[in-house]
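Observations on the model geometry
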Amino acid sequence: MSYNFLQHYWCFLVSLLGALLVFLLFVQGANSMVRSLGYTDEGRRLIINSTGRKWEFTFTTLVTFGGAFFASFPLFYSTSFGGAYWLWMLILFTFVLQAVSYEFQNKLGNFLGPKTFQMCLVINGLLGPLLLGGAVATFFEGSNFIVMKDNLVDSQLSTLNSQLDFTPIISRWANASHGLDALLNPWVLVFGLAVMFLARVLGTLYIINNVNDEDIRSRASVRLIGAAVPFLVFFVAYLVHLLLKEGYAYDDAGVISIVPYKYLTNFIDMWYLTIVLLVGVVLVLFGIGKTVVSKTYFSGIWPAGIGVVLVVLPLLLMSAWNHTAYYPSTADLQSSLTIVNSCSSEFTLRTMFYVSLIIPFVLAYIVYAWRAIDKKKLERADITDDHAY
């Protein structure tokens, strides 16, 4: 196992976690439509209790995604999470709002009323995927930061000379917006909207599969078309933009340069990832199309969900593999982050490699727990339980 292999291996694992996170955003997508899918209080409780069985999976994956990034590529973590903290704080706030809303909406003493917390779930359902999609879009569009690695050496020398102890600042944001400026880029918003509508597509497919209620399923089929059309428009628009735009590449010496059609080149050079992406697109379209056409087909979430993972994984790898800077800096070209200049030490990556071998067992447990939870489809009688949300 060479250092280069470990860098690419951990990039793959982080990208896989990101792809699984996008799939699990079906919780947010369903919550964003809770008031349109469930016209009655009973119908809304059905949807909330359906997603309430799975929201921990999404939240845990989000935290694991951040933790894996921190362990394998700490410079990205300190630059993005530390510099663009307003963007990430908004994302985390919406997810904390979700957790609180599930637990307190029907508790005794809730003076705000259940509708208040249901609206909070809708806010999380819309803003969560939109902001996460915007954050991921910065892997292609870049962010306004500056990395100053010399500060680490300079501060150590200064500490030795003056015996003063202070924390060096390696990276900083180039303006006072701290990440919110990314939302001013229209292409970041286009990608964010694509993720938001994708979450609504997955959420609709999940509700059709998980809730055994003809009234909700009939409305969900109509809502599915309303979410799928804008998703396809925004996704295709961004994909065309990505193939035609410039990209940031690095050479063997680590020098960053702007290369025309860099991502198109990546799609050609890494043809195997392109094939995986195309297979994923076919699965997503199949899951949507068959659910719309057939009134007796309720399993669209599975081909579409697998397809989403197969689409997002290659996209994320396209942003980092093949000598591509996965976190470009729009303020200073040479500050752009790559899997080479932002990763942990070889010892750390190698040690974590052995720890990562337990991942298949964790995934097996998740599959087992998922099947146990979904052994019986949710019905109206289930929301009368004392443990229901």
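Note that the coordinates shown come from a computational prediction; the quantities given were computed from them, not determined experimentally.

Bringing the overall build of the protein chain into the picture now. Of the regular secondary structure elements, the protein chain holds 16 helices and four strands. Against the compact-globule benchmark of 21 Å for 389 residues, the protein chain has a radius of gyration of 22 Å, which places it among compact chains. Along the longest, intermediate and shortest principal axes, the C-alpha atoms of the protein chain span 70 × 50 × 40 Å. Considering the protein chain as a whole, with its 389 residues, one finds that 51% of them fall into the buried category.

This brings us to the pairing of strand S4 (residues 256–259). Bridge analysis of strand S3 (residues 247–250) against S4 gives four bridges, and the strand direction is antiparallel. Residue pairing for S4: Ala-249 is matched across the bridge by Ser-257. Joining the antiparallel neighbours S3 and S4 is a turn of five residues, in which Gly-254 adopts a positive phi near 90°.

Our focus in this paragraph is a nonpolar patch on the surface. Together, Tyr-85, Trp-86, Met-89, Leu-90, Leu-92 and Leu-180 make up an exposed nonpolar region whose accessible area comes to about 540 Å². As for its placement among the helices and strands, Tyr-85 is situated in helix H7 (residues 85–104). For Tyr-85, a relative accessible area of 31% corresponds to the partly exposed category.

With 108 residues, the main nonpolar core has Phe-73 and Tyr-326 as its most contacted residues. Ranked by the residues each element gives to this core, the list is headed by helix H10 (residues 186–210), at 15 residues.

Next up on the list: H10. Between its terminal C-alpha atoms H10 stretches 36 Å, which fits the 36 Å expected from 25 residues at 1.5 Å a residue. Across the 25 residues of H10, 21 count as buried, placing the element largely inside the fold. Looking at where H10 begins, the residue whose side-chain oxygen comes 2.9 Å from the main-chain nitrogen of Trp-187 is Asn-185.

Our focus in this paragraph is the side chain of Thr-204. Mapped onto the fold, Thr-204 is located in helix H10. Sequence-distant contacts of Thr-204, that is, excluding residues within four places in its chain, are made with Met-33, Ala-220 and Leu-224.

This brings us to the pattern of salt bridges. For the structure on display, the rule yields two salt bridges. Residue Arg-219 pairs with Asp-215 through a salt bridge whose shortest N-O separation is 3.0 Å. With a gap of four residues between them, Arg-219 and Asp-215 both fall in helix H11 (residues 214–244), about one helical turn apart. The buried category is assigned to Arg-219, whose relative accessible area is 13%. Look at Asp-215 and you get partly exposed, because its relative accessible area is 40%. Among the salt bridges present, the one from Glu-346 reaches Arg-350, with a minimum N-O distance of 2.8 Å. Taken as a pair, Glu-346 and Arg-350 lie in helix H15 (residues 346–355) at a separation of four residues, close to a single helical turn. Residue Arg-350 is classed as partly exposed on the basis of its relative accessible area, which comes to 26%.

With that settled, the discussion passes to the packing of aromatic side chains. Evaluation of the coordinates by the stated rule reveals 36 aromatic pairs. For the pair Phe-23 and Phe-26, a centre-to-centre distance of 5.5 Å together with 55° between the ring planes defines the contact as tilted. Accessibility classification places Phe-23 together with Phe-26 in one group, the buried group. Residues Phe-140 and Tyr-263 carry aromatic rings whose centres are separated by 5.3 Å and whose planes lie at 75° to one another, so their mutual orientation is edge-to-face. In this pair, Phe-140 sits in helix H8 (residues 114–141) while Tyr-263 sits in helix H12 (residues 262–269), placing the two residues 123 residues apart along the sequence. Neither Phe-140 nor Tyr-263 differs from the other in exposure class; each is buried. Taken together through their ring pairs, the aromatic side chains of Phe-65, Phe-69, Phe-73, Phe-76, Phe-139, Phe-145, Trp-173, Tyr-326 and Tyr-327 make up a single cluster. It is Lys-290 that lies over the ring of Tyr-297; its NZ or CZ is 4.5 Å from the centre.

Remark: H10 packs on helix H14 (residues 301–318), axes separated minimally by 9 Å, with the N-to-C direction vectors making an angle of 150°. Judged on the interaxial angle alone, H14 and H10 are roughly antiparallel. Read as a crossing pair, H10 and H14 show a hand that is left-handed. In this structure, H10 contributes Leu-198, Leu-202, Leu-205, Tyr-206 and Asn-209 to the contact, and H14 contributes Ile-301, Trp-302, Ala-304, Gly-305 and Val-308. In terms of residue class, the contact of H10 with H14 is built from eight nonpolar, two polar and no charged.

When pLDDT is averaged across the protein chain, the result is 86; 91% of the residues are at 70 or more. Long-range and interchain partners of residues 154–166, a stretch whose pLDDT sits below 50, account for seven contacts in this model, where long-range means more than four residues apart.

A few words now on the environment of Tyr-248. With respect to the helices and strands, Tyr-248 occurs in strand S3. Note on Tyr-248: relative accessible area 13%, which makes it buried. Linking Tyr-248 and Leu-337, residues 89 residues apart in sequence, is a C-alpha distance of 9.7 Å. Sequence-distant contacts of Tyr-248, defined by excluding residues within four places in its chain, comprise Ile-256, Ser-257, Ile-258, Lys-262, His-323, Thr-324, Ala-325, Pro-328, Ser-329, Leu-333 and Ser-336.

Mapped onto the fold, Ser-342 is located in the loop between H14 and H15. Here Ser-342 falls in the buried class, since its relative accessible area comes to 1%. At a separation of 2.7 Å, a polar atom in the side chain of Ser-342 contacts the side chain of Tyr-326. For Ser-342, the side chain forms a polar contact with the main-chain oxygen of Thr-338, separated by 2.5 Å. Filtering out sequence-adjacent residues up to four positions away, Ser-342 remains in contact with Ser-72, Phe-73, Pro-74, Leu-75, Phe-76, Tyr-326 and Leu-337.

Scoring rules and cut-offs
- Numbering of residues begins from 1 in every chain and follows the order in which that chain's sequence is written.
- Reporting in this predicted model follows two pLDDT cut-offs: at least 70 for local features of residues, and 80 or more for side-chain atom pairs to be given and counted; totals over whole chains, interfaces and linings ignore these cut-offs and use all residues.
- With hydrogens and water set aside, each side-chain value is computed from the structure's full complement of heavy atoms.
- Secondary structure elements follow DSSP: runs of H or I of four or more residues count as helices, runs of E of two or more count as strands, with numbering from the N terminus.
- Within these notes, the globule rule equals 2.2 Å times the number of residues to the 0.38 power, and the radius of gyration is based on C-alpha atoms.
- Between buried and exposed lies partly exposed: a residue is buried under 20% and exposed over 50% of the maximum accessible area for its type, with that area taken using a 1.4 Å probe on protein chains only.
- Two strands are counted as paired when DSSP detects at least two bridges linking them.
- For patch building, the residue pool is restricted to those with more than 30% relative accessible area and no salt bridge; the joining distance is 9 Å between like charges and 5 Å between nonpolar side chains (Val, Leu, Ile, Met, Phe, Trp, Tyr).
- All accessible-area figures derive from a Shrake-Rupley calculation using a 1.4 Å probe, and residue coverage is judged against the displayed protein chains alone.
- By definition here, a salt bridge exists when the distance from a side-chain nitrogen of Lys or Arg to a carboxyl oxygen of Asp or Glu is within 4 Å.
- Within this scheme, the nonpolar core is defined by two criteria: the residues are buried Ala, Val, Leu, Ile, Met, Phe, Trp, Tyr or Cys, and they are joined through side-chain atoms within 4.5 Å.
- Helix span is expected to be 1.5 Å times the residue number reduced by one.
- The definition of a polar contact used here is a pair of N or O atoms within 3.5 Å, where within protein one atom must be able to donate a hydrogen and the other to accept one, and adjacent residues in sequence count solely through side-chain atom pairs.
- Two residues qualify as a contact provided that any one of their heavy atoms is within 4.5 Å of a heavy atom in the partner residue.
- Stacked, tilted and edge-to-face pairs are distinguished by plane angle, under 30 degrees for stacked and over 60 for edge-to-face with tilted covering the rest, among Phe, Tyr and Trp rings (Trp via its six-membered ring) whose centres lie within 6.5 Å.
- Two conditions define a charge sitting above a ring: the NZ of Lys or the CZ of Arg must be within 6 Å of the ring centre, and it must be within 35 degrees of the ring normal.
- Convention adopted: a line fitted to C-alpha atoms gives each axis, helices being fitted over their contacting stretch, and angles between N-to-C directions are expressed from 0 to 180 degrees.
- Here the angle decides the label: under 35 degrees means roughly parallel, over 145 means roughly antiparallel, 65 to 115 means roughly perpendicular, and every other value means oblique.
- If you view the pair so one helix is near and one far, a crossing is left-handed when the near helix is turned anticlockwise from the far one by less than a right angle, and right-handed when it is turned clockwise.
- The residue classification treats Ala, Val, Leu, Ile, Met, Phe, Trp, Tyr, Cys and Pro as nonpolar and Asp, Glu, Lys and Arg as charged. All others, Gly included, are polar.
- Scored from 0 to 100, pLDDT records how confident the predictor is in each individual residue.

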